[in-house]
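Coordinate analysis (summary)
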Amino acid sequence: MADNRTCGCGMSRRRLLGTAGTAAAAVTAVSACGGEAPKPQEVRYGHVVGQTTDVPEGAGAVFSNSKLVVTQPGPGDYRAFSAACTHGGCTVQEVDDVIRCLCHGSEFDISTGEALRGPAQEPLEEFTVTVDGTDIVLEGPAGA
Ligand code: FES
C-alpha cells in the first residue's frame, strides 16, 4: 500500500524518508515539518534489521530495536511483522510455532500474522523483507 501522505513541507512522507540520509535524519525531518512521526519500522526501510542465523526454521525471532518479529515458516521463507501486539501494544515476546504476546496471552500465526488466540483480534502488520547473504533487509509494508 503506497503512502502518499504529505507533511506540511510539501514532500510525501515516502519521498522524505527516501531522501533522508539516515534513519535519525528522517525522524528529525518528519518531526521538523510537523508531520506525523513515522512508525519505528518505517525509518528502517532499506536497512538490515537482523541476521538469518538468528531466525530458526519453523519459528522466528523478535528484533526489539526494529520493533519487528521475523519468522521462517519454511526453509528460506522469511516473513516480518510488527512486534506490537494488536491487543494492547505490548511487544510480542516469544516465537516458536506461533508468535506469543505474554501480556495477555494472544497468539499469532508465524506465516500470516493472523490472530489465532485472543484477546487480540487483528493480525500483526506485515512487512516485506529480502535476504542478502545472511542479512535480513526490511523493504517496506507488505503489498506495497
Ligand atoms: S497486549 Fe498483547 S495480548 Fe494484550
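Heads up: the structure comes first, above all this text.
Predicted, not measured: the structure shown is a model, and the values here were computed from it. (Residues numbered from 1 in each chain as written. Predicted model: local features only at pLDDT ≥ 70, side-chain atom pairs only at ≥ 80, totals over all residues.)

1. Considerations on the overall build of the protein
Looking only at helices and strands, the protein features 2 helices and 10 strands. Along its sequence from the N terminus, the protein presents helices and strands in the succession α-α-β-β-β-β-β-β-β-β-β-β. Evaluated residue by residue, the protein yields a buried proportion of 32% over its 144 residues. A sequence separation of at least 24 residues applies to 40% of the contacts in the protein between residues at least 6 apart. (Helix = DSSP H or I, 4+ residues; strand = E, 2+ residues; numbered from the N terminus. Buried ≥ 20, exposed ≤ 12 C-beta atoms within 10 Å, placed from the backbone. Contact = placed C-beta atoms within 7 Å.)

2. A short note on the sheet that holds strand 6 (residues 98-100)
Think of a sheet as strands paired side by side through backbone hydrogen bonds, with each pair either parallel or antiparallel. Overall, antiparallel pairing links the 4 strands, which are arranged 5-6-7-8 in an open sheet. This sheet does not close on itself; its edge strands, each paired only once, are strand 5 (94-95) and strand 8 (115-117). For strand 7 (residues 107-109) and strand 8, the ladder comprises 2 bridges, and the chain directions are antiparallel. Following the sheet pairing, Glu107 is matched in strand 8 by Arg117. (Pairing = 2+ DSSP bridges.)

3. Notes on the sheet that holds strand 2 (residues 60-63)
Reading across the sheet, the 6 strands line up as 1-10-9-4-3-2 and stay open at both edges, with antiparallel pairing between neighbours. The sheet is open, and its two edges are formed by strand 1 (47-51) and strand 2, each paired on a single side. For this sheet, the mean angle separating the axes of adjacent strands, direction not counted, is 35 degrees. Where strand 4 (residues 77-82) meets strand 9 (residues 126-132), 2 bridges bridge the pair, whose relative direction is antiparallel. Its bridge partner being in strand 9, Ala80 is matched across the sheet by Phe127. (Axes fitted to C-alpha atoms, helices over the stretch in contact; angles between N-to-C directions.)

4. Examining unusual backbone geometry
Following Gly118, the chain continues to Pro119 via a peptide bond in cis, the omega torsion being 20 degrees. Mapped onto the elements of the fold, Pro119 is located in the loop between strand 8 and strand 9. Positioned with a positive phi, Lys67 is a non-glycine residue whose angle comes to about 55 degrees. Assignment of secondary structure puts Lys67 in the loop between strand 2 and strand 3 (68-74). Residue classification places Lys67 among the partly exposed positions, given that 17 C-beta atoms sit within 10 Å.

5. Considering the pairing of strand 4
In this sheet, strand 4 lies alongside strand 3 in antiparallel orientation, the contact comprising 5 bridges. Opposite Thr71, over in strand 4, you have Arg79 as the bridge partner.

6. Concerning the nonpolar core
Leu68, Val69, Val70, Ala80, Val92, Ile99 and Leu138 are the most contacted members of the largest nonpolar core, which has 26 residues in total. With 3 residues, strand 3 is the largest single contributor of residues to this core. With residues up to four places along the chain from it excluded, the contact list for Ala80 reads Leu68, Val70, Phe127, Val129 and Leu138. (Core = buried A, V, L, I, M, F, W, Y, C linked by C-beta atoms within 7 Å.)

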